[in-house]
Amino acid sequence: MKRSKEEKAKANEILLIGGIKFDSDKFVKFDVFVNEKLKDDVLTTLCDPEYAGRFAQIPHNYQKKMLMSSAARFGLTELLEDTNTDDEEYATVALVPRSGCEDLTIGEIKIKLVPLV
């Protein structure tokens, strides 16, 4: 998100992934990359500078299949500065499925400003 220095001093950028729905009896895991230059046949790793974080959920076996809902937040301010993309107008978010994501759905992905206290 393009912001002035004064705006950057007042708030941090947070990536919010909301409405994550998945089967409760599966182990679910996906990685989140921002402004990643994805290449065909090349696996992204946690060492990539664009790595924002990981969402993981362990199985909850309650003897019946249940749809779970969750959300995840990742700090973006330093990541955008480190990759020299903090003055870009848009950010590309890539979710890389690692396990149990066959039936997973995402409700929304957005960037929010969180005021510094």
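What comes next concerns the included structure. This is a predicted model, so every value here is computed, not measured.

## Digging into the environment of Ala91
Stage number 1. Mapped onto the elements of the fold, Ala91 is located in the loop between helix 2 (77-82) and strand 5 (93-99).
Stage number 2. Sequence separation of Ala91 and Lys110 is 19 residues, and the distance between their C-alpha atoms is 9.8 Å.
Stage number 3. Not counting the four nearest positions on each side in its chain, Ala91 is found in contact with Val34, Asn35 and Ile111.

## Some details on unusual backbone geometry
What you tend to see is this: most non-glycine residues have negative phi, and most peptide bonds are trans.
Stage number 1. The phi torsion at Asn84 lies on the positive side, around 55 degrees, for a residue other than glycine.
Stage number 2. Along the polypeptide, Asn84 turns up in the loop between helix 2 and strand 5.
Stage number 3. Of the residues examined, Asn84 reaches a relative accessible area of 65% and is grouped as exposed.

## Regarding the sheet that holds strand 6 (residues 108-115)
Stage number 1. Read across the sheet, three strands follow the order 4-1-6 without closing on themselves; strand pairing throughout is antiparallel. The sheet is open, and its two edges are formed by strand 4 (67-75) and strand 6, each paired on a single side. Strand-to-strand twist of the sheet, defined as the mean angle between neighbouring strand axes without regard to direction, takes the value 25 degrees.
Stage number 2. Looking at chain direction, strand 1 (residues 11-23) and strand 4 are connected through eight bridges and run antiparallel. Considered in strand 4, the bridge of Phe22 is made with Met68.

## Considerations on the sheet that holds strand 3 (residues 51-57)
Stage number 1. Sheet architecture is open: three strands sit in the order 3-2-5, paired in antiparallel fashion. Lying at the two open borders of the sheet, with one neighbouring strand each, are strand 3 and strand 5. Ignoring strand direction, the axes of neighbouring strands in this sheet form an average angle of 20 degrees.
Stage number 2. Relative to strand 5, strand 2 (residues 28-34) runs antiparallel, the two being bridged by six bridges. Residue pairing for strand 5: Lys29 is matched across the bridge by Ser99.

## Observations concerning the environment of Gly75
Stage number 1. Note that Gly75 resides in strand 4.
Stage number 2. When neighbours within four sequence positions are excluded, Gly75 is seen to be in contact with Glu13 and Ile14.

## So, the packing of aromatic side chains
Stage number 1. Following the criterion strictly, the structure yields three aromatic pairs and no others.
Stage number 2. When the centroid spacing of 5.1 Å and the interplanar angle of 25 degrees are considered together, the rings of Phe30 and Phe55 count as stacked. Of the two residues, Phe30 sits in strand 2 while Phe55 sits in strand 3, which places them 25 residues apart along the sequence.
Stage number 3. The class of Phe30 is buried, set by a relative accessible area of 3%.
Stage number 4. One aromatic cluster is present, formed by Phe22, Phe30 and Phe55 through successive ring pairs.

Conventions we followed
Residues numbered from 1 in each chain as written. Predicted model: local features only at pLDDT ≥ 70, side-chain atom pairs only at ≥ 80, totals over all residues. Heavy atoms only, no water. Helix = DSSP H or I, 4+ residues; strand = E, 2+ residues; numbered from the N terminus. Contact = heavy atoms within 4.5 Å. Buried < 20%, exposed > 50% of the residue type's maximum accessible area, 1.4 Å probe, protein only. Pairing = 2+ DSSP bridges. Axes fitted to C-alpha atoms, helices over the stretch in contact; angles between N-to-C directions. Phe/Tyr/Trp six-rings, centres within 6.5 Å; stacked < 30°, edge-to-face > 60°.

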